[in-house]
Amino acid sequence: MASASIETAAAKAASKGRSNAGRVAPNYWPFVIPALIVIAAVIVFPWVFTLWMSVNSWTLGQSQVFAGLDNYARLAVDMRFWESLWHTVLYTTLSVVAPLFLGTLAALIFDTQFPLRGLLRGIFVMPMMATPVAIALVWTMMFHPQLGVLNYLLSFIGIGPQEWIYNQRSVIPSLVLVETWQWTPLIMLIVLGGLAAVPREPYESAEIDGANVWQKFRYLTLPMIAPFLMTAVIIRSIDAVKSFDIIYAMTQGGPGTASETINIYLYNTAFAYYDIGYGSAMAVVFFILIVFLSFVLLMLRQRANWSDGEAR
């Protein structure tokens, strides 16, 4: 009986093995191929074509001539390119620091309980819902030296009219003011999410020990929301470094080249001067700079995570 049962089980196992071996493994490639085609058409091909154009001397309407690395060597001695790079760094730095400070302050205020807090939160986030070009047109009218409302308001506190975006010294701070007005609410929302995740027990212990408001913020709140602050810095840095619409709609890089960032210079080179090869080389260099910036920011974000883990 026992041997018969064993033989029957062995026969069933062998039969099951043969049936499994005869099955065809499912093929998922038909579902993957459309996505690969889209990625190749939208991402891979444009970048390969840009790299190819960057090693050619090509002015629109003329034939292409292979130039090797001449376009990149030209970038190294192009003072206008280095000036636009400095404008990009300055604009990005100010557009990150100012909203980060004001957004964190706003988050700390809205994290407390007071009347009409929900309504005021809703009003505060409205600027980030507007389109950049509409914002640029409204702020351009507000910045007008004679007819703008900003100079009219400054006159009430005894400050003379300012030239805002019409002066080379004040144009970048004025553009940063617009960026700060639009994107401070985003920083506030990110930091508010961090504050909502902060436990309350450490604050109770700190109050028992006699810690004041600044000490609780410095030694408790700030370390625990550091990962959220780094997330806000990454988002704002990526957005600010590629900013184009507001700058172009308000100044087109002027007055002169005082607000010409790499994006504006690249656009003018390729689509105003029709120097496609040189503009493509500039795009490649700009892409490398963005990748490097992203790598640095992600490393800082990871360190913030480690610090948060050690603090806990």
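All figures in this text were calculated on a predicted structure; none of them were measured in a lab.

1. Re the overall build of the protein
Okay, so step 1: A tally of helices and strands in the protein yields 13 helices and two strands.
Okay, so step 2: For the protein, the proportion of its 312 residues judged to be buried stands at 36%.
Okay, so step 3: Restricting to contacts in the protein with at least 6 residues of sequence separation, those with at least 24 account for 67%.
Okay, so step 4: Carbon and sulfur atoms form 70% of the exposed surface of the protein, whose accessible area is close to 18900 Å².

2. Digging into unusual backbone geometry
Okay, so step 1: With omega at 0 degrees, the peptide bond leading from glycine 254 into proline 255 counts as cis.
Okay, so step 2: Counting through the fold element by element, proline 255 comes out in the loop between α11 (245-250) and α12 (262-272).
Okay, so step 3: Positioned with a positive phi, glutamine 252 is a non-glycine residue whose angle comes to about 55 degrees.
Okay, so step 4: Position of glutamine 252 among the secondary structure elements: in the loop between α11 and α12.
Okay, so step 5: Positioned with a positive phi, tyrosine 274 is a non-glycine residue whose angle comes to about 60 degrees.
Okay, so step 6: Its location among the elements puts tyrosine 274 in the loop between α12 and α13 (276-311).
Okay, so step 7: Overall, tyrosine 274 belongs to the partly exposed group, its relative accessible area being 42%.

3. Re the nonpolar core
Okay, so step 1: Counting residues in hydrophobic clusters, the biggest one holds 20 residues, and the most contacted among them are Ala107, Met188, Val191 and Ile225.
Okay, so step 2: When contributions to this core are tallied by element, the ones reaching two or more residues are α4 (79-110), α8 (171-196), α9 (201-208) and α10 (213-241).
Okay, so step 3: In terms of residue count, α8 provides more of this core than any other element does, eight residues in total.
Okay, so step 4: If you look at the next biggest cluster of nonpolar residues, it comprises 19 residues, including Phe143, Leu150, Ala258 and Ile264.

4. Some words on the UniProt feature "transmembrane region" (unreviewed entry) in the protein
Okay, so step 1: Summarizing the sequence annotation, UniProt attributes the feature "transmembrane region" (unreviewed entry) to residues 28-49, 89-110, 122-142, 180-198, 219-238 and 276-300 in the numbering used throughout.
Okay, so step 2: In residues 28-49, helix accounts for 95% and strand for 0%; the two terminal C-alpha atoms are 30 Å from one another.
Okay, so step 3: As annotated, residues 219-238 has a helix share of 100% and a strand share of 0%, and its two end C-alpha atoms lie 29 Å apart.

Reading the values: rules and limits
- Residues numbered from 1 in each chain as written.
- Predicted model: local features only at pLDDT ≥ 70, side-chain atom pairs only at ≥ 80, totals over all residues.
- Heavy atoms only, no water.
- Helix = DSSP H or I, 4+ residues; strand = E, 2+ residues; numbered from the N terminus.
- Buried < 20%, exposed > 50% of the residue type's maximum accessible area, 1.4 Å probe, protein only.
- Contact = heavy atoms within 4.5 Å.
- Areas by Shrake-Rupley, 256 points an atom, 1.4 Å probe, with all protein chains shown as cover.
- Core = buried A, V, L, I, M, F, W, Y, C linked by side-chain atoms within 4.5 Å.
- UniProt positions renumbered as here; feature names shortened; annotations may be inferred.

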